Amino acid sequence: MSAATAAVAAAPPRAAVRAGDPAPPRKRRSALGKHRALYLMAVPGILYFLVFKYAPMGGLVIAFQDYLPFLGIGGSPWVGFDHFVRFFTETTFLQLLGNTVAVSLLLLVFAFPVPIILALLLNEVRTRSFKRSVQTVIYLPHFMSWVIVVSIFYVLLSTDGGAVNNLIVEAGGQPIPFLTDPDWLRPMYVFQEIWKGAGWGTIVYLAAMTAVDMQLYEASELDGAGRLRQTWHITLPAIRPTIIVMFILAIGDFLELGFEHMFLVMNSLNREVGEIFDTYVFTAGIQNGQLSYAAAVGFFKGLVGLLLVIMANRLAKKFGEEGVY
Amino acid sequence: MVVTRGNSMRKFGRLTTGAASAAVVALALTACSGGTGEGGEGAASDEPITWMAMLHTPTTPEKDGVIEKALEEHTGEKFEMQWVPDASKEEKINAALASGTLADIVSLTQGDSTTVRQALTSGMFWDVEKYLADYPNLSKVDPQTLESARIDGHLYGVPFQKIKARYGVVVRQDWLNNLGLEVPHTIEDLTKVAHAFTHDDPDGNGKDDTTGFIDREESFRVGFRSLAGYFGAGQQFEVAADGTVVPSFTTDAYKDAMEWYRGVYEDGAVNQEFVTVQKSNQQDAIAQGKGGIVVTGLFEAKNYMALAQSADPETPMSWALVNDITAGDVERRILTDTNGGMGGWLAIPKSEVESEADLKRVLGFIDKLMDEEAFALMTNGIEDTHYSLDAMGVVTIEDQTAWEQEVQPFASSRPSEKVITYKSTTEYVDEGNALMLENEEYVVTNPAQSLTSETFTRQWSTIEQQVNDAYNQYITGQIEMADYEAVIENLRGQGLDKIVEEYTAAYAKVNG
């Protein structure tokens, strides 16, 4: 509750600043009256955060209890940090952390740059109709649910009659168990992430590129710069702030891989490299009924995520960029 | 700052007042409807009865469909089904139990799920035992089924009455004929058949595109469980020679079965990616003739036929139903797949059904569902629409598609499967029923079924999952038997030993 109240208290001054009103503190009250309409507009947003983001945080208290739904939050016995102690001392912790970090790193290294490269390529396309159609086509996968994406890959990659393995066998190779071999899980996961998300990810960068001053390109052309040089010396520096903001956001989601995708591609044979915090919270909490324990795991994940955002933001500011806040 | 806070607090206060008054209004409304209920001298409310039930078919039957209407007419009660797809029952039911968003009747079919057991023992459901005697059908529930359904002496729901052991092995008869093989009755012969189905082109299409066993993701809990039974392993738990109650997956018989099955898998005679195969994919693969041996309920052969015929009316498919596989010198036996005829509970939550009068109304409804008329509706459908009945009482399903759409979903929600056994003109139905009946004599049940172990309730789901993973890894050749044993050793410290200890003590207490 205290977090919620604090948010309410903090909101008006910020809104006042945004409204461009440099009113000194003692005049705040009149500022509130003056910008009533603005405050009114902020109310739905604030309510949204209160109701859907802050109020549910109260539920985190079950991480410190032996929560039984039938007893409720009020009636469940208090166990303090027991669940955290169990989590940090179990071998699963290192496995989960390792898997989550490994997959996240792979995504940062391989998936993060893809939209930037795609956007740069698209930016150089001069035929408008071609550019438009390519854009549409690469956006499409974004609108498919993970269930569809994974099912498509399942049909393609299965060793029991999947198209890809049929080709491999036709070409004289041995079928590759993409779906069950632990070594193939991560490459497959990253590939699917890129296939689904890369096109959509270009939107932000393309938007940033339209803001680049055309005169710069003209001037560089006079100086004899080719396409590559223009890209390197004009386009990329121009979208650097965008890239950095996107990077900070990506870091913030570092442990937040999302449950659905991994859950769908995981099975007992590749679980050892696939189980991440999100899926573990689900199996432990929902499937195996250890709600409190799962809440503790989720809580930990959230804290680490918060820490990472703050660190990334600090780092960005150190390098003279704006950061996200 | 102070002013601001005060202001927003005041606003916030007003907001809470608003919410509170809304809640009061809502309360008043419910109180009103509840009031009429209790006002009439304990008369039950007349809201439709809601029922959360498992759906084993791919499509949901239409709301207020013909069967629902007919059942409402028979029982004199309006009701609403809330279907939960069987594949996602774990998360759906657990989430529903955890959040308390339940229906008036909740079908709980996973007797050993941690959440379900915790929910049952938490007292959130009515203990129905003392009411059963007042109802014509409920008073006649099989005592052994009742015993299996009790937890700590309490009956937290009306048990689903099932046939005790429905499992067996079904084998493609036409493939056996093509290859000149006999129907297998021993594990050795079954192995040979599986090998031949994989390597000798049983469908004669000149391609190496068939396998023996078609298994699925749930192998550990379903198909292989039954196979291990032939080798002498118990149903989930068994009593060892020294009187301790041990999980069957730790026994030598079970490991022998694993070694055998891995051999079959290595031979290519089990679909190689069974760990990724869902039930509906498995059925498709069978219908498409990708494999010829399925360890499953003996009633399934007719469903495979129907599926294959819907794709190709000229399908050469035919099945041999086998209920008497034996391994080595182990005597004929079959593990129960229904906890000794107890398929779970029709539990009635106190949060939804608040008064005793309402409880009696719900029990009356369940009781009426066990009448012959209701049983016929949920089994065959409506006479002359879905099926016809000849003078000998033989049932012919007339409209297979309509039956699958409208009737089949209700079949698994019948409170009792054993009301009548209809003769049928559909292939394999009578045969399957006869073989399942034969099974009863050889059935092996779980000695720990009605015992309680607190650690079991809390930890079993987690333990079982880890063993399940290790089992899959062993069968597919990722790990060796020593690794499997190491996983079990590791689990001993995580509660497995405590479960054994608690069950052994409980068993000794009951059996002297």
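Please read these numbers as outputs of a predicted model, since none were measured by experiment. (Residues numbered from 1 in each chain as written. Chains lettered and ligands numbered in written order. Predicted model: local features only at pLDDT ≥ 70, side-chain atom pairs only at ≥ 80, totals over all residues. Heavy atoms only, no water.)

S.K.: Just to check I follow, could you spell out helix α9 (residues 146-157) of chain A for this structure?
M.R.: An α-helical turn contains 3.6 residues, so any two residues separated by three or four positions project in the same direction. Residue and element names in this part refer to chain A. Between its first and last C-alpha atoms α9 spans 16 Å; for 12 residues at 1.5 Å apiece the expected length is 16 Å, and the two agree. Within the sequence span of α9, burial applies to Trp146, Val149, Val150, Phe153 and Leu157. When α9 is viewed along its axis, its buried side chains cluster within an angular range of 90 degrees and face the same direction. In the core, the buried residues of α9 are packed alongside α10 (163-170), α11 (182-210) and α14 (259-265). (Helix = DSSP H or I, 4+ residues; strand = E, 2+ residues; numbered from the N terminus. Expected span 1.5 Å × (residues − 1). Buried < 20%, exposed > 50% of the residue type's maximum accessible area, 1.4 Å probe, protein only. Arc of directions from axis to C-beta. Contact = heavy atoms within 4.5 Å.)

S.K.: Sorry, what's going on with the sheet that holds strand β14 (residues 394-397) of chain B here?
M.R.: Within a sheet, adjacent strands bond to each other through the backbone by hydrogen bonds, running parallel or antiparallel. Residue and element names in this part refer to chain B. If you trace the 3 strands from one edge of the open sheet to the other, you get β13-β14-β15, paired in mixed fashion. The sheet is open, and its two borders are formed by β13 (387-389) and β15 (423-424), each paired with just one other strand. Sheet analysis places β14 next to β15, joined by 2 bridges and oriented parallel. The partner of Val395 across the bridge, within β15, is Ser424. (Pairing = 2+ DSSP bridges.)

S.K.: Even after reading the chapter, I still don't get a nonpolar patch on the surface, so can you show me in this structure?
M.R.: On the surface, a cluster of nonpolar side chains totalling about 670 Å² of accessible area is made up of Leu40(A), Val43(A), Leu47(A), Tyr48(A), Phe49(A), Val51(A) and Phe52(A). Relative to the elements of secondary structure, Val51(A) occurs in helix α3 (residues 36-54). (Patch = residues over 30% accessible without salt bridge, like charges linked within 9 Å, V, L, I, M, F, W, Y side chains within 5 Å. Areas by Shrake-Rupley, 256 points an atom, 1.4 Å probe, with all protein chains shown as cover. Salt bridge = Lys/Arg side-chain N within 4 Å of Asp/Glu carboxyl O.)

S.K.: Is there a simple way to explain the sheet that holds strand β3 (residues 105-108) of chain B in this structure?
M.R.: Residues and elements named next belong to chain B. Spatially, 5 strands are ordered β2-β1-β3-β12-β4 in an open sheet, and the strand pairing comes out mixed. Only two strands of the sheet have a single partner each, and these edge strands are β2 (79-85) and β4 (158-161). Each neighbouring strand pair of the sheet contributes to a mean axis angle of 25 degrees, computed without reference to strand direction. Sheet topology note: the strand β1 (residues 49-55)/β2 ladder contains 7 bridges and is parallel. For Met54, the partnering residue across the bridge sits in β2 and is Val84. (Axes fitted to C-alpha atoms, helices over the stretch in contact; angles between N-to-C directions.)

S.K.: I keep staring at the domain arrangement of chain B and nothing clicks. Help me out?
M.R.: Interfaces are often sized by the accessible area lost when the parts come together. Residues and elements named next belong to chain B. Along its sequence, chain B is carved into domain 1 (49-162 + 341-414) and domain 2 (167-335). If you average the C-alpha positions of domain 1 and of domain 2, the two centres end up 30 Å apart. Roughly 340 Å² is buried in total at the junction of domain 1 and domain 2, and carbon and sulfur atoms are behind 32% of that figure. Our count for the domain 1 to domain 2 interface comes out at 0 salt bridges. At the surface where domain 1 touches domain 2, the tally comes to 0 residue pairs in polar contact (both at pLDDT 80 or more). In terms of residues, the side of domain 1 that touches domain 2 owes the most to one element, helix α14 (residues 400-411), which gives 3 residues. A class-by-class count of the residues in the side of domain 1 that touches domain 2 yields no nonpolar, 3 polar and 3 charged. (Domains from an automatic or database assignment. Buried area = accessible area lost by both parts, 1.4 Å probe. Polar contact = N/O pair within 3.5 Å; in protein donor to acceptor, adjacent residues only side chain to side chain. Nonpolar A, V, L, I, M, F, W, Y, C, P; charged D, E, K, R; others polar.)

S.K.: Teacher, can you tell me more about the pattern of salt bridges here?
M.R.: Where charged atoms of side chains with opposite charge meet at close range, the side chains can pair. All names here are of chain B. Throughout the structure, instances matching the rule amount to 22 salt bridges over all chains. Measuring nitrogen to oxygen at the nearest pair gives 3.7 Å for the salt bridge that ties Arg221 to Glu464. In this pair, Arg221 sits in the loop between β6 (211-213) and α8 (223-230) while Glu464 sits in helix α16 (residues 454-475), placing the two residues 243 residues apart along the sequence. A salt bridge links Glu480 to Arg262; the shortest N-O distance between them is 3.0 Å. Of the two residues, Glu480 sits in the loop between α16 and α17 (481-511) while Arg262 sits in helix α9 (residues 252-266), which places them 218 residues apart along the sequence. With relative accessibility at 9%, the residue Arg262 sits in the buried group. Within the structure, one salt-bridge network assembled from shared partners comprises Lys162, Arg166, Asp337 and Glu417.

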